[in-house]
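Working through the structure, step by step
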Amino acid sequence: MTHAGPSGGSTVTDSATMRRAVGAAAVGNITEWFDFGVYGYLTTTIEAQFFPPDHPALAQLATFATFAVAFLVRPLGGLFFGPLGDRIGRTKVLAVTVILMATGTFLIGLIPSYSSIGLAAPILLVCARILQGFSTGGEYAGAMTFIAEYSPDRRRGYFGSFLEFGTFIGYALGATVSSVLPLVSTPAFMDSWGWRIPFMVALPLGIVGVYLRMRLEETPAFQQLLDESGERENTHVVRTIFAKYWPTMLLAGGLVVTWNVTNYMLTSYMPTYLKDTDTMAANGGHAISSTAAEWLQIAVLWLGVLLIPFLGRLSDKIGRKPILWVGAGGLIVLGIPMVLLLKSGSMAAVLLGLILMGLLLICFSSTCPSTLPALFPTEVRYGGLSISFNIFVSAFAGTVSLVMSALVLATGDLKWPGYYLMAAGFVGVITLLRLKENSGKPLPGSTPSLSSEEAATQPR
């Protein structure tokens, strides 16, 4: 429940409502990233199921291209769902996006194989990925907005970090399920129906997400906007965002690029990079076994799950920027050393390289969900964040696996992931030079927000 507090116009949110809001937002992220984990860890299976078997290298590129195609439509989803969320409210739109996203994942588990229906198999796979991408275009930025607008100003970093807590749980669960299934079933079962099970799990997760989101009231910040201006009839939200807020979009985009290049490098490309025996052997590197690569990365993901909330809480005390500076600077300094560790073939060195990459990633994952929504005012927050987030993710981050695979194959240089991470770090440094600290401050266009515990200590 939210209400006007005793501090004169402040918004007060009780702890129980805050926990429900965080859970409702995070479950959609768990659903989204469960799919990413499953897709990343079943890349070889997807190649075999949906693409011609005659050209394995091309099939691998086609699998990554199918992964990337969802990102081509994410900006369209952002353009549609973001401004819609600024007109009719966050809760309604987020209920739609989570069920569409879960449906797209579920449908992948139903598509017949290439051996059964030929070219129709990859075409249907692309259609399902398009549905996922379109819904995700409104899901993630909306969930960031949702949590940020519910959170007390002094704890926004902590509560916002639970969105990425959900990301890591979803990905780690997807990776774990995909790795455990082959161990507890026969190869024949995995080739027929076993690989489909993780995709089908997404639908019940999506139903839970809809249930949790529909039980919540509108966010306090948006409700305040409605109370002040009545029905939201602005049909020119997109025009306003591009005309008035393009500098803010560029600032958000810089953080998005740095954060998500690191994110997709670790979660999407590394599983293939580490176990690609042919490419490693041909270019002076040493691959590790598929099983070892999978379990090392799963360990790093679960480590991230444990650390993200602590960094989120730390950002409320020392500010977002110090933690972001560590992440951006670390990418520049450690980009090449991390890759040298990863291609060494030594289990201990690979684990260290993955841990370093994971630690740099959570510098962004713990702080960006509270930093990015604070860049836009309430009336365009959902739309501005959705559009800028998805444009930059699609152009520079979602294509990481495809670009890295193509560059390594074309040049034979196994250090390309390091070069790419360094470039992302430089983008982050340039962005941080222009970014203002927003820790502990009210969201633009909103009154100060307090927790019920903070309100109880305010003088009456």
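For the structure itself, look to the data block above.
Residues numbered from 1 in each chain as written. Predicted model: local features only at pLDDT ≥ 70, side-chain atom pairs only at ≥ 80, totals over all residues. Heavy atoms only, no water.

With that out of the way, let us pick up the side chain of Ser 113. Checked against the element boundaries, Ser 113 lands in the loop between α4 (90-108) and α5 (114-117). Engagement of the side chain of Ser 113 in a polar contact is seen with the side chain of Ser 115, the distance being 2.9 Å. Setting aside chain neighbours within four positions, we find Ser 113 in contact with Gln 49, Gly 118, Ala 121 and Arg 196. (Helix = DSSP H or I, 4+ residues; strand = E, 2+ residues; numbered from the N terminus. Polar contact = N/O pair within 3.5 Å; in protein donor to acceptor, adjacent residues only side chain to side chain. Contact = heavy atoms within 4.5 Å.)

Let us now look at a nonpolar patch on the surface. A grouping of Leu 76, Leu 79, Phe 242 and Ile 391 is seen on the molecular surface, where their side chains present a nonpolar patch of about 320 Å² in accessible area. Within the element layout of this structure, Ile 391 appears in helix α19 (residues 381-397). (Patch = residues over 30% accessible without salt bridge, like charges linked within 9 Å, V, L, I, M, F, W, Y side chains within 5 Å. Areas by Shrake-Rupley, 256 points an atom, 1.4 Å probe, with all protein chains shown as cover. Salt bridge = Lys/Arg side-chain N within 4 Å of Asp/Glu carboxyl O.)

An ideal rise of 1.5 Å per residue puts 44 Å on 30 residues; helix α13 (residues 246-275) measures up with 42 Å between its terminal C-alpha atoms. Remark: the principal bend of α13, roughly 60°, maps to Tyr 269, with a proline, Pro 271, within the next four residues. Most of α13 sits inside the fold, with 27 of its 30 residues counted as buried. (Expected span 1.5 Å × (residues − 1). Bend = angle between axes of the 7 residues up to and from the residue. Buried < 20%, exposed > 50% of the residue type's maximum accessible area, 1.4 Å probe, protein only.)

A word on the packing of aromatic side chains. Within the structure shown, the criterion is met by 15 aromatic pairs. Each ring, one from Phe 80 and one from Phe 134, has its centre 5.8 Å from the other, and the planes form 35°; the classification is tilted. Here Phe 134 lies in helix α6 (residues 120-150) and Phe 80 lies in helix α3 (residues 56-88), a separation of 54 residues in the sequence. Cluster of aromatic residues (ring-pair linked, three or more members): Tyr 158, Phe 159, Phe 162 and Phe 165. Its guanidinium or amino end placed over the ring of Trp 193, Arg 196 lies 5.0 Å from that ring's centre, counting from NZ or CZ. Sitting over the face of the ring of Tyr 158, Arg 313 holds its NZ or CZ atom 4.3 Å from the ring centroid. (Phe/Tyr/Trp six-rings, centres within 6.5 Å; stacked < 30°, edge-to-face > 60°. Lys NZ or Arg CZ within 6 Å of the ring centre and 35° of its normal.)

With that settled, the discussion passes to the layout of surface pockets. One number sums up the size of the largest pocket: a volume of about 740 Å³. Forming the walls of the largest pocket are 30 residues, and the residues nearest its centre are Thr 43, Thr 44, Thr 45, Lys 275 and Ser 290. In terms of residues, the lining of the largest pocket owes the most to one element, helix α2 (residues 43-50), which gives five residues. (1 Å grid on protein atoms, 1.4 Å probe; cavity = no way out; pocket = protein on both sides within 12 Å on 5 of 7 lines; lining within 4 Å. Points joined across faces, edges and corners; volume = space filled by probe spheres on them.)

The next thing to look at is the pattern of salt bridges. Enumeration over the complete set of coordinates arrives at seven salt bridges. As a salt-bridge pair, Glu 149 and Arg 381 come within 2.7 Å of each other at their nearest N and O atoms. Placement of the pair is Glu 149 in helix α6 and Arg 381 in helix α19, with a sequence separation of 232 residues. Both residues of the pair, Glu 149 and Arg 381, belong to the buried class. We note a salt bridge from Lys 415 to Asp 413, for which the minimum N-O separation is 3.7 Å. The exposure class assigned to Lys 415 is partly exposed, which follows from its relative accessible area of 27%. Among the charged side chains, a network of salt bridges with common partners joins Asp 86, Arg 90, Glu 149 and Arg 381.

On to α4, then. Since the α-helix turns once every 3.6 residues, residues separated by three or four places project in the same direction. Helix length check: α4 (19 residues) gives 28 Å between terminal C-alpha atoms against 27 Å at 1.5 Å per residue, within 8%. Within α4, the full set of buried residues consists of Arg 90, Thr 91, Val 93, Leu 94, Ala 95, Thr 97, Val 98, Met 101, Ala 102, Gly 104, Thr 105 and Ile 108.

As a further point, take the nonpolar core. In terms of nonpolar packing, the biggest core is built from 111 residues, with Tyr 264, Tyr 273, Leu 354 and Leu 372 touching the most fellow members. With 15 residues, α13 is the largest single contributor of residues to this core. Not counting residues up to four positions away in its chain, the partners in contact with Tyr 273 are Met 280, Val 339, Leu 342, Lys 343, Leu 414 and Pro 417. (Core = buried A, V, L, I, M, F, W, Y, C linked by side-chain atoms within 4.5 Å.)

Scanning all chains against the criterion turns up zero disulfides. Cysteine Cys 368 shares no disulfide, and the gap to the nearest cysteine sulfur, in Cys 363, comes to 10 Å. With relative accessibility at 0%, the residue Cys 368 sits in the buried group. (Disulfide = S-S within 2.5 Å.)

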